[in-house]
There are 2 protein chains.
Amino acid sequence: MAMGRLKAPQRREQLLAVAVKLFARWGYSATTTAAIAEAAGVTEPILYRHFRGKQELYIAAVSAAARTALEIWQSMIDGIDDPAGQLRTIASRFAGHVLEQGDHYHLLHGALATSRDRRVVAVLREFFTGAEQFFEGLFARGQARRVFRQDLDARNLAWQLIYAGTGFAMIVLNLGDDGRFVVQSAVDSLVAGFEG
Amino acid sequence: MAMGRLKAPQRREQLLAVAVKLFARWGYSATTTAAIAEAAGVTEPILYRHFRGKQELYIAAVSAAARTALEIWQSMIDGIDDPAGQLRTIASRFAGHVLEQGDHYHLLHGALATSRDRRVVAVLREFFTGAEQFFEGLFARGQARRVFRQDLDARNLAWQLIYAGTGFAMIVLNLGDDGRFVVQSAVDSLVAGFEG
């Protein structure tokens, strides 16, 4: 098999990508290492050379989903100088981004809603701390430039966005609604409320 | 056994309450009807007299969680005449409510994040439609009385609250953060933005 010829780092990446898909689709409990190995075209012993077990694969998959989300948010605002423009860009692209990254968000939501493992919780805390820093920074830069209102706390605003974004992603992704119009008008009223 | 003496409707309620707890704690896949029957102190055949199977029990449990949440929100505003006061009351009590109703919210979030069954999705849609009607009504009454801004769409505002409330409940419940300060200041800025 061509699959058999992958080098170790590529094999690890491939197993991780397969694990993301299966965990996203079936959840932690219903996904077995046997199913992941089969979908990756390898035997279970080969899987176990790269990951000690299902829990380690799951943690690696949730970490990869978190890292990817934060990187894409950052890439959305690279090259945009104005913080209000950065916020508008993220808002306008967020629904499409969530659907494109459906597996990653399914995985993050499933981990948040159902996992009691403290290592998974630690990965999720790190993700939300990253999100806090990202949005707090955006609001703080906007306040420093006086394009956002000075009287609101940047960290607080960051958490309002994180709560709304998390709920939005959960509902749009799982119930198939198109909430774009709500996000657009929410940001319009938010940014209009800040600017000037 | 004293448990054996329950009448059919009480037995059904008891089985449902046990199912809510176990599904909330372990999720759908990892919970068996054998475990539910055992925790309820009955045999599996008795469980099957009341529910055709695990999926029917799960749907009934998610429905019960949704109904309870909507009823409690309504009870929070009963006797409060002013829509701005209604919104402030819900906001100030929401974190405590989510923690008190932890099993019900765990169940709703788990269903939303992980279930692909169309009957479960239908129950969730009904829940969010109920939430939309509840908050749209609140905002529309406030606009009719001119205590909220006239230029914002009540349905849109309802969905902003639903997204934020869903994300807030998920994060507070599962990561153990106390987000109350964020909610309080968010509502302060929201209501301040609306009133007058």
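All values derive from a computational prediction rather than experimental measurement.

Could you give an account of the overall build of chain A, naming the residues involved and the relevant values?
When helices and strands are counted, chain A shows 9 helices and 0 strands. Each helix and strand of chain A, placed in order from N terminus to C terminus, yields the pattern α-α-α-α-α-α-α-α-α. Out of the 196 residues belonging to chain A, those deemed buried represent 53%. Only carbon and sulfur atoms are counted for the fraction: they give 53% of the accessible area of chain A, which is about 9100 Å².

I'd like to hear about the interface of chain A and chain B, residue by residue, with values.
Taken together, the contact between chain A and chain B spans 37 residues of the former and 36 residues of the latter. For the pair chain A and chain B, the summed buried surface comes to about 3300 Å²; carbon and sulfur atoms form 66% of the total. Where chain A meets chain B, there are 0 salt bridges. One can count 6 residue pairs in polar contact (both at pLDDT 80 or more) joining chain A with chain B. Those elements that provide at least two residues to the side of chain A that touches chain B are α1 (8-30), α6 (102-114), α7 (118-144), α8 (154-175) and α9 (180-194) of chain A.

Tell me what's going on with the relation of the copies chain A and chain B, and back it up with residues and numbers.
Taken as rigid bodies, chain A and chain B are interconverted by a rotation of 180° and an axial shift of 0.0 Å, the fit giving an RMSD of 0.0 Å. Within this description, the copies of the chain are treated as partners about a two-fold rotation axis. The residues that chain A uses at the interface reappear at the interface of chain B in 97% of cases, marking a shared surface.

Lay out the environment of B:V42 with the relevant residues and their values.
Residues and elements named next belong to chain B. Counting through the fold element by element, V42 comes out in the loop between α2 (33-40) and α3 (44-50). Distance in space between the C-alpha atoms of V42 and L138 is 44 Å, their sequence separation being 96 residues. Filtering out sequence-adjacent residues up to four positions away, V42 remains in contact with R11, L15, A37 and L47.

Quick one: what's the story with the packing of aromatic side chains, residue by residue and with numbers?
Following the criterion strictly, the structure yields 28 aromatic pairs over all chains and no others. Summarising the aromatic geometry, the rings of A:F94 and A:F168 are spaced 5.9 Å apart at their centres and angled 35° between planes, so their arrangement reads as tilted. On the criterion of sequence distance, the pair formed by A:F94 in helix α5 (residues 83-100) and A:F168 in helix α8 is long-range, its members being 74 residues apart. Judged by its relative accessible area of 12%, A:F94 falls in the buried class. Note on A:F168: relative accessible area 3%, which makes it buried. Taking the centre distance of 4.9 Å and the plane angle of 65° together, the rings of B:Y28 and B:Y58 count as edge-to-face. Placement of the pair is B:Y28 in the loop between α1 (8-26) and α2 and B:Y58 in helix α4 (residues 54-77), with a sequence separation of 30 residues. Taking relative accessible area as the criterion, B:Y28 reaches 27% and is therefore assigned partly exposed. Residue B:Y58 is classed as buried on the basis of its relative accessible area, which comes to 4%. Members of the aromatic cluster, each reached through a chain of ring pairs, are A:W73, A:F127, A:F128, A:F134, A:F135, A:W159, A:Y163, B:F94, B:Y105 and B:F168. One cation-aromatic arrangement involves A:R25 over A:W26; the distance from NZ or CZ to the ring centre is 5.1 Å. Its guanidinium or amino end placed over the ring of A:Y28, A:K54 lies 4.3 Å from that ring's centre, counting from NZ or CZ.

Could you give an account of helix α5 (residues 83-100) of chain B, naming the residues involved and the relevant values?
Residues and elements named next belong to chain B. With 18 residues, α5 extends 24 Å from end C-alpha to end C-alpha; this agrees with the ideal 26 Å at 1.5 Å per step. The axis of α5 is deflected most strongly, by about 50°, at F94. Looking at α5, one finds that the buried residues are P83, A84, G85, Q86, L87, T89, I90, A91, F94, A95, H97 and V98.

How would you summarise the pattern of salt bridges if you had to cite specific residues and measurements?
Residue and element names in this part refer to chain B. One pass over the full model with this rule turns up 12 salt bridges over all chains. Ionic pairing is found between E132 and R155, a salt bridge with its closest N-O pair at 3.2 Å. Note that E132 is positioned in helix α7 (residues 118-144) and R155 in helix α8 (residues 154-175), a separation of 23 residues in sequence. Judged by relative accessible area, E132 falls into the buried class, the value being 14%.

Explain unusual backbone geometry to me, and be specific about the residues and the numbers.
Although it is not a glycine, A:R146 sits at a positive phi angle of roughly 65°. With respect to the helices and strands, the residue A:R146 is situated in the loop between α7 and α8.

Go over the packing of α7(A) against α8(A), please, and point to the residues and values.
All names here are of chain A. Packing of α7 against α8 leaves a shortest axis separation of 8 Å and a crossing angle of 125°. For the element pair α7 / α8, the angle class is oblique. Here α7 and α8 pass one another in a crossing that is right-handed. Residues F128, A131, E132, F135, E136, F139, A140 and Q143 of α7 touch α8, and the partners they reach there are A154, R155, L157, A158, W159, L161, I162 and T166.

Now, about the environment of B:Q133: what can you tell me, with residues and values included?
Its place among the elements puts B:Q133 in helix α7. For the pair B:Q133 and B:A154, spaced 21 residues apart in sequence, the C-alpha separation works out to 9.9 Å.

Which residues make up the side chain of B:H106, and what values go with them?
The residue B:H106 is located in helix α6 (residues 102-114) in this model. According to the relative accessible area criterion, B:H106 is buried, its value standing at 14%. If we skip the residues at most four places from it in the chain, B:H106 touches A:A113, A:R116, B:A24, B:L173 and B:N174.

So, how was this worked out
Residues numbered from 1 in each chain as written. Chains lettered and ligands numbered in written order. Predicted model: local features only at pLDDT ≥ 70, side-chain atom pairs only at ≥ 80, totals over all residues. Heavy atoms only, no water. Helix = DSSP H or I, 4+ residues; strand = E, 2+ residues; numbered from the N terminus. Buried < 20%, exposed > 50% of the residue type's maximum accessible area, 1.4 Å probe, protein only. Areas by Shrake-Rupley, 256 points an atom, 1.4 Å probe, with all protein chains shown as cover. Contact = heavy atoms within 4.5 Å. Buried area = accessible area lost by both parts, 1.4 Å probe. Salt bridge = Lys/Arg side-chain N within 4 Å of Asp/Glu carboxyl O. Polar contact = N/O pair within 3.5 Å; in protein donor to acceptor, adjacent residues only side chain to side chain. Least-squares fit on C-alpha atoms with pLDDT ≥ 70 in both. Phe/Tyr/Trp six-rings, centres within 6.5 Å; stacked < 30°, edge-to-face > 60°. Lys NZ or Arg CZ within 6 Å of the ring centre and 35° of its normal. Expected span 1.5 Å × (residues − 1). Bend = angle between axes of the 7 residues up to and from the residue. Axes fitted to C-alpha atoms, helices over the stretch in contact; angles between N-to-C directions. Parallel < 35°, antiparallel > 145°, perpendicular 65-115°, else oblique. Left-handed = near helix turned anticlockwise from the far one by under 90°.

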